[in-house]
2 protein chains.
Amino acid sequence: MTLPLALSNQRVQRLRRLIGRRDERRMEGVLVVEGAVLILEAAEAGWEIESQFVAPGTDPLEVGGEILKLAEGVLERVASTDSPQPILAVVRRRAVDPGIIGSADFVVVADGVSDPGNLGTMLRSAEGSGADALVVTPGTVDYTNPKVVRASAGSIFRLPVVEVSDVSELALSGLVPIGTSSHGATAYTDLDMTRRIALVLGNEPRGLSADTNVAEWVTIPLQGQVESLNVAMACAVLCFEVARQRRSGSDTVASP
Amino acid sequence: MTLPLALSNQRVQRLRRLIGRRDERRMEGVLVVEGAVLILEAAEAGWEIESQFVAPGTDPLEVGGEILKLAEGVLERVASTDSPQPILAVVRRRAVDPGIIGSADFVVVADGVSDPGNLGTMLRSAEGSGADALVVTPGTVDYTNPKVVRASAGSIFRLPVVEVSDVSELALSGLVPIGTSSHGATAYTDLDMTRRIALVLGNEPRGLSADTNVAEWVTIPLQGQVESLNVAMACAVLCFEVARQRRSGSDTVASP
């Protein structure tokens, strides 16, 4: 029988670094998944579970990977939340073929989105509305951030995430890049979303820069005195309009 | 010159209770607004500012109300966030005529929504999509909770909030109550949302109880392996479909 690992153990120290540091996660090509529900979703989607760290009194999951037992109170000091889940896994990132963009019909682009909760929610909307991938630019929060993983509710394991250095790279893919603005553009419901499109959403609270390399701009018309929607809400509204138009065919789109 | 107030001061102790306790806010008919941006929105919407509590080095706003200066370090101990705004206001709740529901065309109903961030976001979507009111049932988090106020981004000062003891009360108003479910109902885009409707959203993660007194049920069709949307995202998607249909006229709704 092996002794439970203390905080000072090298493996625990590595886990702690992986949770806190983007560069460590990137260098090792892994991400940290917190809680049984999400770990099972990762395994089900075919991601390789490298190791499981379990708190005292918790059973490891039947998903493979080395089992490492933590001593009392250790998990609370390494996890990213105040009331941590009793099990964490280090999961190997699956390679994504960037060529997927060339054959995609619909992608969502996060260009400078800074809040991990918003990015995770965007992944969930993108998958739920039938997008083929999420594209991220360097200004966007790291998508392997534990808060992104959590907010994505598992979508991060199923929807490919592709990194580009700039939105302009999408031009090569044949997708029409559509920028979203909080005012002054075509109403999103008046645009034909059944084409091959890339919906580009920007930073909160600044939005997309006006010189972002997009072909068209859309806006969500707002009533009352609401100035703008949060980027995750805007993403949900836009993504499900894409899904609606694709279900109905483009003939139901009102003419501009 | 008056001395800045210490934590032990009665007014400061009252402020602290108002932030933390729903019953105190209700009894006094007030809510606490944190930060200059939101306080200005409250004043602009015609809410009466009863008092302003300001941290050292911060100027009060020109919005009326008694000015109370706080001693160094006091604000940090009473505010609801870790990095508090340097100014808080106690604001008198404006009376809402429950009769507004009888003449409303579109209301959003939060029936058991427990997360204050979600409820605030729902207020923002409701206002932005042209709803006439938000209706809350007793199982829903208190809408005067400081986190709700913050997440509403000011919508709470503009959109009337009406309390009912049960969803069934809406029947008297002539609004068609439409329940939302994560599966198995009519697609929301196939339902005529140009009628006088009440969109009813339920608890996260349980959703609405199956015996909720609604006339019809809708669902948001989901692709991939997404099981459901967060209640705030679902609310945004549904609300903006209502707005879309009302802009286009009901003739663009696909037949079921």
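I will try to describe carefully the structure that is included in this document. (Residues numbered from 1 in each chain as written. Chains lettered and ligands numbered in written order. Predicted model: local features only at pLDDT ≥ 70, side-chain atom pairs only at ≥ 80, totals over all residues. Heavy atoms only, no water.)

### Observations concerning the overall build of chain A
The number of helices and strands found in chain A is nine helices and 11 strands. For 256 residues, the compact-globule formula gives about 18 Å, and the C-alpha radius of gyration of chain A, at 20 Å, lands near that figure. C-alpha extents for chain A along the principal axes are approximately 70 × 40 × 30 Å. Scored against the burial criterion, the 256 residues of chain A give a buried share of 53%. Taking contacts inside chain A between residues at least 6 apart in sequence as the whole, the part at least 24 apart equals 75%. (Helix = DSSP H or I, 4+ residues; strand = E, 2+ residues; numbered from the N terminus. Rg over C-alpha atoms; globule rule 2.2 N^0.38 Å. Buried < 20%, exposed > 50% of the residue type's maximum accessible area, 1.4 Å probe, protein only. Contact = heavy atoms within 4.5 Å.)

### A short note on the relation of the copies chain A and chain B
With an RMSD of 0.0 Å, the fit of chain A onto chain B corresponds to turning through 180° and sliding 0.0 Å along the axis. Such values leave the two copies arranged in the relation of a two-fold axis. Measuring from the rotation axis to each C-alpha of chain A, the shortest distance belongs to Val237 of chain A, at 2.4 Å. Both copies present the same face, since 100% of the interface residues in chain A are matched by interface residues at the equivalent positions in chain B. (Least-squares fit on C-alpha atoms with pLDDT ≥ 70 in both.)

### Here we look at the pairing of strand β2 (residues 48-54) of chain A
All names here are of chain A. Where burial is concerned, most of β2 is hidden: six out of the seven residues are buried. As paired elements, β2 and strand β4 (residues 87-92) share six bridges and run antiparallel to each other. Bridged to Glu48 within β4 is Arg92. Across four bridges, β2 lies against strand β3 (residues 66-69) in parallel orientation. The partner of Val54 across the bridge, within β3, is Lys69. (Pairing = 2+ DSSP bridges.)

### A few points about the pattern of salt bridges
Once their charged atoms are close, side chains differing in charge can pair, the charge on each being opposite to the other. Residue and element names in this part refer to chain A. Within the structure shown, the criterion is met by 28 salt bridges over all chains. Notably, a salt bridge pairs Arg11 with Glu66, separated by 3.0 Å at the nearest N-O pair. One end of the pair, Arg11, is in helix α1 (residues 10-20); the other, Glu66, is in strand β3, and 55 residues separate them in sequence. Take Arg11: its relative accessible area is 28%, and that puts it in the partly exposed class. The partly exposed category is assigned to Glu66, whose relative accessible area is 41%. Residue Arg150 is joined to Glu34 by a salt bridge in which the shortest nitrogen-to-oxygen separation is 2.9 Å. Of this pair, Arg150 sits in helix α7 (residues 146-151) while Glu34 is found in strand β1 (residues 30-34), placing the two residues 116 residues apart along the sequence. Counted as one network, the salt bridges with shared partners bring together Arg14, Glu28, Glu50 and Arg92. (Salt bridge = Lys/Arg side-chain N within 4 Å of Asp/Glu carboxyl O.)

### Some remarks on the packing of helix α6 (residues 116-128) of chain A against helix α9 (residues 231-248) of chain A
All names here are of chain A. The contact between α6 and α9 brings their axes to 9 Å, and the two run at 5°. Compared by their axis directions, α6 and α9 come out roughly parallel. Mapping the contact onto sequence places Asn118, Thr121, Met122, Ser125, Ala126 and Gly128 in α6 and Val231, Ala232, Cys235, Ala236, Cys239 and Phe240 in α9. Looking at the contact of α6 with α9 residue by residue, the classes come out as eight nonpolar, four polar and no charged. (Axes fitted to C-alpha atoms, helices over the stretch in contact; angles between N-to-C directions. Parallel < 35°, antiparallel > 145°, perpendicular 65-115°, else oblique. Nonpolar A, V, L, I, M, F, W, Y, C, P; charged D, E, K, R; others polar.)

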